[in-house]
Amino acid sequence: GQQVKQSSPSLTVQEGGISILNCDYENDMFDYFAWYKKYPDNSPTLLISVRSNVDKREDGRLTVFLNKSGKHFSLHITASQPEDTAVYLCARNQGGSAKLIFGEGTKLTVSS
Amino acid sequence: GPKVLQIPSHQIIDMGQMVTLNCDPVSNHLYFYWYKQILGQQMEFLVNFYNGKVMEKSKLFKDQFSVERPDGSYFTLKIQPTALEDSAVYFCASSLGTISNERLFFGHGTKLSVL
(Lines give C-alpha, C1' and ligand atoms only; values in the text may rest on other atoms or scores of the structure.)
Protein backbone atom coordinates (compact mmCIF):
# COMPACT_ATOMS: atom_id res chain seq x y z
CA GLY A 1 0.00 0.00 0.00
CA GLN A 2 0.99 3.60 -0.48
CA GLN A 3 2.76 4.94 2.59
CA VAL A 4 3.52 8.42 1.38
CA LYS A 5 1.71 10.91 -0.74
CA GLN A 6 2.50 14.08 -2.65
CA SER A 7 -0.97 15.49 -3.09
CA SER A 8 -0.08 18.05 -5.75
CA PRO A 9 1.01 16.54 -9.06
CA SER A 10 1.99 19.99 -10.32
CA LEU A 11 2.76 23.50 -9.10
CA THR A 12 3.45 26.73 -10.95
CA VAL A 13 5.28 29.60 -9.26
CA GLN A 14 6.37 32.99 -10.54
CA GLU A 15 10.10 33.63 -10.72
CA GLY A 16 11.28 35.11 -7.44
CA GLY A 17 8.43 33.57 -5.44
CA ILE A 18 8.44 30.80 -2.86
CA SER A 19 7.79 27.25 -4.01
CA ILE A 20 6.26 25.00 -1.35
CA LEU A 21 6.22 21.28 -1.98
CA ASN A 22 4.39 18.96 0.39
CA CYS A 23 4.56 15.33 1.40
CA ASP A 24 2.40 13.32 3.82
CA TYR A 25 3.28 9.96 5.28
CA GLU A 26 1.53 7.25 7.28
CA ASN A 27 4.21 5.25 9.04
CA ASP A 28 5.50 6.67 12.32
CA MET A 29 8.65 4.61 12.05
CA PHE A 30 10.24 6.72 9.32
CA ASP A 31 13.32 8.48 10.64
CA TYR A 32 15.00 9.83 7.50
CA PHE A 33 13.33 12.25 5.11
CA ALA A 34 14.69 13.56 1.84
CA TRP A 35 13.84 15.57 -1.23
CA TYR A 36 15.15 14.60 -4.66
CA LYS A 37 15.09 16.66 -7.86
CA LYS A 38 14.65 15.07 -11.27
CA TYR A 39 14.93 16.56 -14.74
CA PRO A 40 13.32 14.66 -17.66
CA ASP A 41 15.38 11.66 -18.79
CA ASN A 42 17.85 12.33 -16.02
CA SER A 43 18.70 10.78 -12.69
CA PRO A 44 17.04 11.76 -9.39
CA THR A 45 19.51 13.84 -7.37
CA LEU A 46 19.44 14.36 -3.61
CA LEU A 47 18.71 17.97 -2.69
CA ILE A 48 18.40 17.92 1.08
CA SER A 49 17.65 15.45 3.85
CA VAL A 50 16.78 15.49 7.55
CA ARG A 51 16.55 13.01 10.40
CA SER A 52 13.46 12.80 12.55
CA ASN A 53 15.21 14.42 15.51
CA VAL A 54 15.09 17.86 13.85
CA ASP A 55 12.11 19.95 12.76
CA LYS A 56 13.82 22.15 10.24
CA ARG A 57 16.93 22.28 8.10
CA GLU A 58 18.12 25.08 5.84
CA ASP A 59 20.58 24.94 2.98
CA GLY A 60 20.81 28.06 0.88
CA ARG A 61 17.46 28.66 -0.78
CA LEU A 62 16.13 25.32 0.45
CA THR A 63 14.38 24.66 3.78
CA VAL A 64 12.87 21.38 4.89
CA PHE A 65 10.18 21.45 7.58
CA LEU A 66 9.26 18.25 9.41
CA ASN A 67 5.96 18.08 11.28
CA LYS A 68 6.03 14.75 13.06
CA SER A 69 2.69 15.09 14.82
CA GLY A 70 1.03 15.88 11.48
CA LYS A 71 3.11 13.28 9.59
CA HIS A 72 3.98 15.90 7.05
CA PHE A 73 7.14 17.35 5.61
CA SER A 74 7.68 20.08 3.12
CA LEU A 75 10.32 21.73 0.98
CA HIS A 76 10.40 25.48 0.62
CA ILE A 77 12.41 27.03 -2.20
CA THR A 78 12.85 30.77 -1.87
CA ALA A 79 13.66 33.11 -4.76
CA SER A 80 12.48 30.43 -7.20
CA GLN A 81 14.26 30.47 -10.56
CA PRO A 82 13.40 28.97 -13.97
CA GLU A 83 16.17 26.39 -13.50
CA ASP A 84 14.27 25.10 -10.46
CA THR A 85 11.70 23.73 -12.93
CA ALA A 86 11.81 19.96 -12.44
CA VAL A 87 10.01 17.07 -10.74
CA TYR A 88 10.52 16.97 -6.98
CA LEU A 89 10.31 13.64 -5.20
CA CYS A 90 9.93 13.25 -1.48
CA ALA A 91 11.45 10.13 0.04
CA ARG A 92 11.49 8.45 3.41
CA ASN A 93 13.36 5.65 5.07
CA GLN A 94 13.07 3.70 8.27
CA GLY A 95 16.28 3.07 10.14
CA GLY A 96 17.58 -0.42 9.57
CA SER A 97 15.94 -0.72 6.18
CA ALA A 98 17.69 -0.26 2.85
CA LYS A 99 14.45 0.88 1.25
CA LEU A 100 13.75 4.46 0.25
CA ILE A 101 10.02 5.02 -0.27
CA PHE A 102 9.27 7.70 -2.82
CA GLY A 103 6.25 9.87 -3.41
CA GLU A 104 4.67 10.24 -6.84
CA GLY A 105 6.44 13.53 -7.47
CA THR A 106 5.36 17.13 -7.95
CA LYS A 107 6.21 18.85 -11.20
CA LEU A 108 7.32 22.39 -10.36
CA THR A 109 7.26 25.02 -13.10
CA VAL A 110 8.85 28.38 -12.38
CA SER A 111 7.66 30.92 -14.91
CA SER A 112 9.60 34.05 -15.76
CA GLY B 1 30.44 14.65 -9.12
CA PRO B 2 30.17 10.88 -8.77
CA LYS B 3 28.12 9.24 -11.49
CA VAL B 4 26.22 6.00 -11.85
CA LEU B 5 26.08 4.84 -15.47
CA GLN B 6 23.35 2.63 -16.86
CA ILE B 7 23.65 0.74 -20.10
CA PRO B 8 21.63 0.71 -22.32
CA SER B 9 19.31 3.69 -21.94
CA HIS B 10 16.52 1.88 -23.74
CA GLN B 11 15.96 -1.81 -24.41
CA ILE B 12 13.15 -3.41 -26.38
CA ILE B 13 12.56 -7.14 -26.13
CA ASP B 14 9.87 -9.71 -26.77
CA MET B 15 7.91 -11.16 -23.89
CA GLY B 16 9.49 -14.35 -22.59
CA GLN B 17 13.03 -13.36 -23.51
CA MET B 18 15.77 -12.77 -21.00
CA VAL B 19 17.13 -9.28 -20.42
CA THR B 20 20.10 -8.00 -18.44
CA LEU B 21 20.27 -4.40 -17.33
CA ASN B 22 23.75 -3.12 -16.57
CA CYS B 23 24.83 -0.58 -14.00
CA ASP B 24 28.28 0.87 -13.42
CA PRO B 25 28.09 2.22 -9.85
CA VAL B 26 30.30 4.84 -8.23
CA SER B 27 33.69 3.19 -7.88
CA ASN B 28 34.13 3.07 -4.10
CA HIS B 29 30.50 2.47 -3.22
CA LEU B 30 29.48 -0.65 -1.34
CA TYR B 31 25.67 -0.69 -1.45
CA PHE B 32 23.72 -1.16 -4.66
CA TYR B 33 20.04 -0.82 -5.45
CA TRP B 34 17.50 -1.25 -8.20
CA TYR B 35 14.27 0.75 -8.38
CA LYS B 36 11.40 0.36 -10.84
CA GLN B 37 9.16 3.12 -12.15
CA ILE B 38 6.12 2.27 -14.22
CA LEU B 39 4.94 5.18 -16.38
CA GLY B 40 2.89 7.62 -14.33
CA GLN B 41 3.67 5.94 -11.02
CA GLN B 42 6.24 6.45 -8.28
CA MET B 43 9.67 4.89 -8.16
CA GLU B 44 9.52 1.68 -6.15
CA PHE B 45 12.30 -0.19 -4.40
CA LEU B 46 13.19 -3.58 -5.83
CA VAL B 47 16.33 -4.78 -4.13
CA ASN B 48 19.42 -3.86 -2.13
CA PHE B 49 22.74 -5.69 -2.62
CA TYR B 50 25.75 -5.57 -0.34
CA ASN B 51 28.84 -7.70 0.09
CA GLY B 52 27.77 -10.06 -2.67
CA LYS B 53 24.32 -10.72 -1.23
CA VAL B 54 20.76 -9.54 -1.52
CA MET B 55 20.12 -7.76 1.78
CA GLU B 56 16.55 -6.66 1.29
CA LYS B 57 13.98 -7.05 -1.47
CA SER B 58 10.42 -5.99 -2.06
CA LYS B 59 7.48 -8.05 -3.27
CA LEU B 60 8.09 -6.54 -6.72
CA PHE B 61 11.34 -8.51 -6.88
CA LYS B 62 9.79 -11.60 -8.42
CA ASP B 63 11.41 -15.02 -8.71
CA GLN B 64 12.23 -14.18 -12.32
CA PHE B 65 14.54 -11.39 -11.12
CA SER B 66 18.14 -11.82 -10.05
CA VAL B 67 21.03 -9.48 -9.29
CA GLU B 68 24.76 -9.91 -9.15
CA ARG B 69 28.02 -8.03 -9.31
CA PRO B 70 30.67 -10.50 -10.41
CA ASP B 71 34.22 -9.47 -9.53
CA GLY B 72 33.32 -5.86 -8.84
CA SER B 73 32.24 -5.20 -12.39
CA TYR B 74 28.78 -4.16 -13.49
CA PHE B 75 25.92 -4.54 -11.04
CA THR B 76 23.27 -6.31 -13.10
CA LEU B 77 19.56 -6.97 -12.95
CA LYS B 78 18.48 -9.99 -14.93
CA ILE B 79 14.87 -10.79 -15.73
CA GLN B 80 14.20 -14.27 -17.07
CA PRO B 81 11.63 -14.68 -18.52
CA THR B 82 10.26 -11.20 -19.05
CA ALA B 83 6.56 -10.36 -18.85
CA LEU B 84 4.57 -7.42 -20.21
CA GLU B 85 4.26 -5.91 -16.73
CA ASP B 86 8.04 -5.65 -16.52
CA SER B 87 7.89 -2.69 -18.90
CA ALA B 88 9.17 0.26 -16.87
CA VAL B 89 12.17 2.45 -16.27
CA TYR B 90 14.69 0.74 -14.03
CA PHE B 91 16.96 2.97 -11.96
CA CYS B 92 20.19 1.75 -10.47
CA ALA B 93 21.67 3.47 -7.43
CA SER B 94 24.70 3.11 -5.21
CA SER B 95 25.87 4.46 -1.88
CA LEU B 96 29.00 4.36 0.22
CA GLY B 97 27.10 3.45 3.37
CA THR B 98 23.57 2.84 4.57
CA ILE B 99 20.81 5.17 3.39
CA SER B 100 20.40 7.16 6.57
CA ASN B 101 24.12 7.88 6.70
CA GLU B 102 25.10 8.27 3.08
CA ARG B 103 23.34 9.70 0.05
CA LEU B 104 22.20 7.57 -2.83
CA PHE B 105 23.49 8.32 -6.32
CA PHE B 106 21.12 7.29 -9.10
CA GLY B 107 21.71 6.50 -12.75
CA HIS B 108 19.61 7.97 -15.56
CA GLY B 109 17.57 4.81 -15.83
CA THR B 110 17.06 2.10 -18.45
CA LYS B 111 13.71 2.12 -20.15
CA LEU B 112 12.64 -1.48 -20.71
CA SER B 113 9.88 -2.14 -23.22
CA VAL B 114 8.52 -5.68 -23.28
CA LEU B 115 6.41 -6.37 -26.35
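In this report, we go over the structure that sits alongside the text. (Residues numbered from 1 in each chain as written. Chains lettered and ligands numbered in written order. Predicted model: local features only at pLDDT ≥ 70, side-chain atom pairs only at ≥ 80, totals over all residues. Heavy atoms only, no water.)

Some words on the packing of aromatic side chains
- Counted according to the given criterion, the structure contains 15 aromatic pairs over all chains.
- Between Y36 of chain A and F102 of chain A the ring centres are 5.5 Å apart and the planes differ by 65°, which places this aromatic pair in the edge-to-face class. With Y36 of chain A in strand β4 (residues 30-38) and F102 of chain A in strand β10 (residues 101-102), the pair connects residues that are 66 residues apart, well separated along the chain.
- Residue Y36 of chain A is classed as buried on the basis of its relative accessible area, which comes to 1%.
- Connected via pairs of aromatic rings, a cluster forms that spans Y36 and F102 of chain A together with Y35, F45 and F106 of chain B. (Phe/Tyr/Trp six-rings, centres within 6.5 Å; stacked < 30°, edge-to-face > 60°. Helix = DSSP H or I, 4+ residues; strand = E, 2+ residues; numbered from the N terminus. Buried < 20%, exposed > 50% of the residue type's maximum accessible area, 1.4 Å probe, protein only.)

Some remarks on the interface of chain A and chain B
- Every contact between the two is made by 21 residues of chain A and, on the other side, 17 residues of chain B.
- Counting the surface lost from both chain A and chain B, the interface buries some 1,700 Å², and carbon and sulfur atoms represent 56% of this.
- At the boundary of chain A with chain B, the tally comes to zero salt bridges.
- At the junction of chain A with chain B, the criterion picks out six residue pairs in polar contact (both at pLDDT 80 or more).
- Where the side of chain A that touches chain B is concerned, the elements lending two or more residues are β4, β5 (45-51) and β9 (86-94) of chain A. (Contact = heavy atoms within 4.5 Å. Buried area = accessible area lost by both parts, 1.4 Å probe. Salt bridge = Lys/Arg side-chain N within 4 Å of Asp/Glu carboxyl O. Polar contact = N/O pair within 3.5 Å; in protein donor to acceptor, adjacent residues only side chain to side chain.)

Regarding the nonpolar core
- Ranked by size, the top nonpolar core spans 23 residues in total, and within it W34, L46, V67, F75, L77 and Y90 of chain B carry the most contacts.
- At the level of secondary structure, the elements contributing two or more residues to this core comprise β3 (19-24), β4 (31-37), β5 (44-50), β7 (65-68), β8 (75-79), β9 (88-95) and β11 (110-114) of chain B.
- In this view, L77 of chain B contacts V19, T20, L21, W34, L46, F61, F65, S66, V67 and Y90 of chain B; residues no more than four positions away in its chain are not counted.
- Judged by nonpolar contacts, the second largest core, of 22 residues, contains L62, I77, C90 and I101 of chain A. (Core = buried A, V, L, I, M, F, W, Y, C linked by side-chain atoms within 4.5 Å.)

Quick word on the sheet that holds strand β1 (residues 5-7) of chain B
Residues and elements named next belong to chain B.
- Taken in spatial order, the four strands line up as β1-β3-β8-β7 in an open sheet, and their pairing is antiparallel. Two strands bound the open sheet, and with one partner strand each, they are β1 and β7. On average, each strand axis in the sheet is tilted by 20° relative to the strand beside it, whichever way the strands run.
- In this structure, β3 lies alongside β8, joined through five bridges in antiparallel fashion. (Pairing = 2+ DSSP bridges. Axes fitted to C-alpha atoms, helices over the stretch in contact; angles between N-to-C directions.)

A few points about the state of the cysteines
Residue and element names in this part refer to chain B.
- In the structure shown here, the tally under the stated rule is two disulfides over all chains.
- The residue that forms a disulfide with C23 is C92, at a sulfur-sulfur distance of 1.9 Å. In this structure the cystine formed by C23 and C92 twists about its S-S bond by roughly -70°; its chirality is therefore left-handed. Separated by 69 residues along the polypeptide, C23 in strand β3 and C92 in strand β9 bring together distant segments of the chain. (Disulfide = S-S within 2.5 Å.)

Here's the deal with the sheet that holds strand β8 (residues 72-77) of chain A
All names here are of chain A.
- Here we have five strands laid out as an open sheet, ordered β1-β3-β8-β7-β6, and antiparallel in their pairing. With partners counted over all chains shown, the strands left at the sheet margins are β1 (4-5) and β6 (56-59), one partner each.
- Where strand β7 (residues 62-67) lies against β8, six bridges are found, and the strand directions are antiparallel. Directly across from L62, in β8, lies its bridge partner I77.

Regarding the environment of K36 of chain B
Residues and elements named next belong to chain B.
- Here K36 is to be found in strand β4.
- Overall, K36 belongs to the buried group, its relative accessible area being 9%.
- Spatially, the C-alpha atoms of K36 and V89 are 5.9 Å apart, while their sequence positions differ by 53 residues.
- Ignoring any residue separated from it by four or fewer positions in sequence, one finds K36 in contact with Q42, M43, E44, L46, E85, D86, A88, V89 and Y90.

Structural notes on the pattern of salt bridges
- The full count for this structure, using the stated rule, is five salt bridges over all chains.
- Here K56 of chain A and E58 of chain A are joined by a salt bridge, their closest N and O atoms 3.6 Å apart.
- Note on E58 of chain A: relative accessible area 54%, which makes it exposed.
- K62 of chain B is the partner of D86 of chain B in a salt bridge, and the nearest nitrogen-oxygen pair spans 2.9 Å. Taken together, the residues span a long stretch of sequence, with D86 of chain B in the loop between β8 and β9 and K62 of chain B in the loop between β6 (53-57) and β7 at a distance of 24 residues.
- With a relative accessible area of 0%, D86 of chain B lands in the buried category.

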